[in-house]
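Descriptive structure summary
Chain by chain, the residues:
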Amino acid sequence: MKTDTLQPFDFEELFDELWPICRSITGNGLRQSLEILKRVVPIDVREYETGLRCFDWEVPLEWNIKEAWIKTNDGRVLVNFADNNLHVLNYSLPKKGIVSKEELFKHLHSRADLPDAIPYRTCYYAPEWGFCVEHARLTEFKDDKYEVFIDSTLKPGAMTIGEMRLQGESNDEIVFTTYLCHPSMANNELSGPLVQTELFKRLQQRLQRRYSYRFVYAPETIGDIVFLSRNSDELKENMVGGAVLTMLGNDSPMMFEPSGKQDSIFDRAARNVLEHRYPGSSIGSRNPKGRAAQRQYCSPGLKLPLSVLSRALGGSYPEYHTSLDTKSVIHVDRHRQAVGILEDIIDVIEHNEKFINQRPFGEPFMSKYDLSTRIGGERIKPQNLYYKYLLQMSDGDSDLLDIATELNICMLDLLTAAQDLVAAGLLSPAQTTCKTL
Amino acid sequence: MKTDTLQPFDFEELFDELWPICRSITGNGLRQSLEILKRVVPIDVREYETGLRCFDWEVPLEWNIKEAWIKTNDGRVLVNFADNNLHVLNYSLPKKGIVSKEELFKHLHSRADLPDAIPYRTCYYAPEWGFCVEHARLTEFKDDKYEVFIDSTLKPGAMTIGEMRLQGESNDEIVFTTYLCHPSMANNELSGPLVQTELFKRLQQRLQRRYSYRFVYAPETIGDIVFLSRNSDELKENMVGGAVLTMLGNDSPMMFEPSGKQDSIFDRAARNVLEHRYPGSSIGSRNPKGRAAQRQYCSPGLKLPLSVLSRALGGSYPEYHTSLDTKSVIHVDRHRQAVGILEDIIDVIEHNEKFINQRPFGEPFMSKYDLSTRIGGERIKPQNLYYKYLLQMSDGDSDLLDIATELNICMLDLLTAAQDLVAAGLLSPAQTTCKTL
Amino acid sequence: MKTDTLQPFDFEELFDELWPICRSITGNGLRQSLEILKRVVPIDVREYETGLRCFDWEVPLEWNIKEAWIKTNDGRVLVNFADNNLHVLNYSLPKKGIVSKEELFKHLHSRADLPDAIPYRTCYYAPEWGFCVEHARLTEFKDDKYEVFIDSTLKPGAMTIGEMRLQGESNDEIVFTTYLCHPSMANNELSGPLVQTELFKRLQQRLQRRYSYRFVYAPETIGDIVFLSRNSDELKENMVGGAVLTMLGNDSPMMFEPSGKQDSIFDRAARNVLEHRYPGSSIGSRNPKGRAAQRQYCSPGLKLPLSVLSRALGGSYPEYHTSLDTKSVIHVDRHRQAVGILEDIIDVIEHNEKFINQRPFGEPFMSKYDLSTRIGGERIKPQNLYYKYLLQMSDGDSDLLDIATELNICMLDLLTAAQDLVAAGLLSPAQTTCKTL
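Residues numbered from 1 in each chain as written. Chains lettered and ligands numbered in written order. Predicted model: local features only at pLDDT ≥ 70, side-chain atom pairs only at ≥ 80, totals over all residues. Heavy atoms only, no water.

**Things to note about the interface of chain B and chain C**
Chain B puts 27 residues into the contact, and the matching count from chain C is 30 residues. Between chain B and chain C, the buried area comes to about 2300 Å², and carbon and sulfur atoms account for 54% of it. Seen at the junction of chain B and chain C, the total is six salt bridges. Between Arg359(B) and Asp56(C) there is a salt bridge; the shortest N-O distance is 3.1 Å. Secondary structure elements with two or more residues in the side of chain B that touches chain C: helix 9 (382-393), strand 18 (395-399) and helix 10 (400-407) of chain B. The element that contributes the greatest number of residues to the side of chain B that touches chain C is helix 9 of chain B, accounting for six residues. For the side of chain B that touches chain C, a count of residues per class yields eleven nonpolar, eight polar and eight charged. (Contact = heavy atoms within 4.5 Å. Buried area = accessible area lost by both parts, 1.4 Å probe. Salt bridge = Lys/Arg side-chain N within 4 Å of Asp/Glu carboxyl O. Helix = DSSP H or I, 4+ residues; strand = E, 2+ residues; numbered from the N terminus. Nonpolar A, V, L, I, M, F, W, Y, C, P; charged D, E, K, R; others polar.)

**A look at the relation of the copies chain B and chain A**
Superposing chain B onto chain A takes a rotation of 120° combined with a translation of 0.0 Å along the rotation axis, leaving an RMSD of 0.1 Å. In symmetry terms, the pair is related by a three-fold rotation axis. (Least-squares fit on C-alpha atoms with pLDDT ≥ 70 in both.)

**Points about empty space enclosed by the protein**
Evaluation of the coordinates by the stated rule reveals one cavity of 30 Å³ or more. The volume enclosed by the largest cavity comes to roughly 30 Å³. Around the largest cavity, the lining residues are Ser299(A), Pro300(A), Asn357(C), Gly362(C), Glu363(C), Pro364(C), Leu391(C) and Gln392(C). The residue makeup of the lining of the largest cavity, split by class, is three nonpolar, four polar and one charged. (1 Å grid on protein atoms, 1.4 Å probe; cavity = no way out; pocket = protein on both sides within 12 Å on 5 of 7 lines; lining within 4 Å. Points joined across faces, edges and corners; volume = space filled by probe spheres on them.)

**Quick notes on the confidence of the model for chain A**
All names here are of chain A. For chain A, mean pLDDT is 94; residues scoring 70 or higher make up 98% of the total. When the criterion is pLDDT under 50, residues 1-6 qualifies, and its contacts beyond four places in sequence or with other chains add up to eleven contacts. The ipTM value of the predicted complex is 0.91, and its pTM value is 0.90. (pLDDT = per-residue confidence, 0-100.)

**A short note on the domain arrangement of chain A**
Residue and element names in this part refer to chain A. In terms of domains, chain A is made up of domain 1 (11-60 + 158-350), domain 2 (63-154) and domain 3 (353-436). Just the C-alpha atoms count here: the centres of domain 1 and domain 2 sit 31 Å apart. Residue-level contacts link 23 residues of domain 1 with 18 residues of domain 2. Counting each side, the surface lost to burial between domain 1 and domain 2 is near 1500 Å², with a carbon and sulfur contribution of 58%. (Domains from an automatic or database assignment.)

**What to know about the state of the cysteines**
Residue and element names in this part refer to chain A. Tallying each qualifying case throughout the model produces zero disulfides over all chains. Free of any disulfide, Cys181 has its nearest cysteine sulfur in Cys22, 11 Å distant. For Cys181, a relative accessible area of 1% puts it in the buried group. (Disulfide = S-S within 2.5 Å. Buried < 20%, exposed > 50% of the residue type's maximum accessible area, 1.4 Å probe, protein only.)

The following block contains the structure:
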């Protein structure tokens, strides 16, 4: 079922193009990043104007930045935004003037525990200015006064969000969302958008889809809120599962956390696939606080079943949220594996059905249907075992995922056996809709 | 309660008489075996004609065999049915003629992993002929051509099934069934019929039975299907539990698998008895595929609560289904223990009741009923402890098995205490029927 | 919330005054003990006359004793009640005369396993006389005859029970009860009454109480039955939880056993407090037999939710029920800790509420409510984490205890965060009563 023969876009080339851009939750960096992805997939880019009310929030002023630096007394540039866009506090107010060392240090962010890293710091909703710098370099600040310059603007504008949708036979929808507000960091967050983009391409080329699929590229938290405030009625009607895709390129095994107390079809499928096809994966239970996007989707007023797929839940890798999160942290094959896992999960979802045994009294006489071995007593093949399991357990209450879960096997391994039995007339699909699975 | 004083029939003598007979799923071997057992217990032997429709199956042609051999060029008998009836593929078509070594080997079954064993192979529903032979002896086949002779018949006839029933106060029925189609093998399957036969004798001699008991001797799978197709309405009405009895004579601890998702009274009783009286027993959870008889009884259209009691679930002993499964594999004391376990389970079932505390406000004043120790502070005896448990927990919702399970003790150990309390008027049986237990 | 600044009464002084009294389930010792406690707390002392019917029991004759001894032939006092009131079988009939050694030994109780201890033995409901003595001293009985004298009376009188009640905003009631029938033993049972008395003083001084509190000092078993037979209708209406307080002064960690199958508010709070504030505590599951007071409160006809708090469930310390259970077994600081634990449990109960998120669509915009950090990316504080948890989980179904339990933290640690959110208008209490928590 997997479209392995298709040529994926080149992860690395796309990465290199997106990497240097200074993104934020609004502004031209975000806009430009979506335009680049739009060359590969048909993203619908939408602008939401500053001041627009969305639930308890409103779209903030748009932030853009051209230049920023700190100079010593003798005019030497100590810190330069041109070197690394993490050097400026993301959403910093503009600033120009001479400041004392004491004053500057109040606005200088560094991490003593990671002295060689520039930390990633933001001030989206506080009127602050500031710089971020390697802790080891604080000793270079020997003067009493410094010239600081931040050529940023904070003006009415818009927040940019990208959306795509693939219609299936049913309106029941699986939603994928990823964050695109992070400036130059690799795993968090170019890996999420790259995996999501490739996944779209794979699904687009499928001939048949029972479910519909939606893909969102949004700034973290506020972007999800803006999107949900405009789409929550439709999602409440149609969304049956999905995941936020984040930090998928680093070296750790896949980690999964489900959407909520009730298992969604995505939760059930993801657990089955990860447990049986990707041993070593970490399958968590519901995090009651949720991850950023989950806190919006799964909030008590919405309760939309959004799960998390990640290799670094909670930012569990040392380079997280610093200038050390570069290309060296991520791997193309980890991205490809993430896409493969997502395709397996979707295969399970697409093929999950409830069946009813059409010869429910005793076992069917399998020889009549050419589904039996001729010589009794020889070692029984897995396929023949699966026939027996499916016939015993297909009472219209359990779907294939339930049966696979009880048997502790991958649902995809049961699928061929189920299809054989359907072909023989021994199983029939129960009249169920996607929603009831 | 156990009828230990009764003289059981001699397991060994009966075994020796049944052993040499070439049984199959139909035919004179099966018929003759039932006649031998009928000398000990009043089996009702029934014949079901070839072609009779039963669910998705029909009764096959009757198979009988007189003689079979393979001869070398020089007339030496290499393989002879007279030596061991496993040498012929069970249900083999008749065959007579000269065949090439290559042709013969297509019809010769052996097991490389057990080179000294003749494997037990069948072809009930495929038009095959063949022989089974020790793998180690394949080197003896040095000629290019062989004379083969199988003097079998496959003709319209009947399938023979044995049944017995003991009526109790209630029609609610416990069903035991065992396989009788296996040719000369000891544990599988002379142990099942022998244990079942002895169990019948014990129950027959009981003065009181709340439940009714049914005993079936049937060829595996097809025999169960034939029996069920004729009795399923009655069983659906009355069967409350039971077990297939199979492979009970070998040296392993007792193994139990319950009937289905819902616990039957037999499942609950068997777990309690095995856990507390027979430590080391293996108590499994439901096997979703079921064992052969279970696949018929528990099929989605019938859902009859048949459990499994065995010492070798899935044939987990090396001699299984080969000529090595001889008398040396089984032990009379293992058979006797199996009967003892079954009697204990039946004791629990027969005596299980829901009681209601008749002095439910606070504890009863036990001294008044002579159920107390005179001196307070001395070590309390188990019996007095059981009084306390029973009085606290007998609210009409929990039966003795529930209470014993919560207390993690054998229900039979609670029974005397319950009887004391009933005698004192402190407990009364709730108005329940067998069915609701 | 704890009233740590209050001066508790002196545990030791009160102990010393209560210690020498020979208490029993009736009589002047019990009466006198309650009068002593009444000097500290406003106990309502009630007398229940001999012969009064209470459920299956009746109030027994009142027992009092002045003097008792065993003398040798030559007039030497071998055993004297004046030395230790455990020397007499509690509730012994009066006795005067010369008895043979053989006869005396039938009435002499000792413990071979604890040769230096006088065992505590009773004969409340049997017409016995007797003495208890150190097993090691049995060798001193060298004469053939002895003079015995027990100057006890068993006459119509009354049983004395002490009660107190603190009214709260609601009639929903937490009930504490303790045993006061034990003669000179320290942990069992002066620790229970002492802790209960101090707890009353603490709760009395609280300015606000949502719940009402009842405190009972009763002879074990029969006292509970007498009390319940007079108050069960009211308790069935109002009692929502509580505990028997017993053996709280010894050196072991706190042990807790819940009230029944359904968790009471007291059970839930006690588990949360003990698990997270008092590591090492033992949190048991329901004991189906129950402890003495529980057997009365939780009996099938009453099902009142009484739990147990103790440091020695089932008497699990070597000195239990002997003359070795002296002041050296108990510690003032263990008593104080017990009171502290009870106050913590009550704090949880008093502050437990269901809240509803007032901005349930996505997360609230926390900056607007001054509940956010200004700089994004800095390490989040527990308080801010608790905000996120509470907002996600406050849907009106879960109360703070449920949320704390799911988060595996002490509910009291969540409380400030909840109060902040209420102050900000982000959470509102659901309209629930004590009963529904």
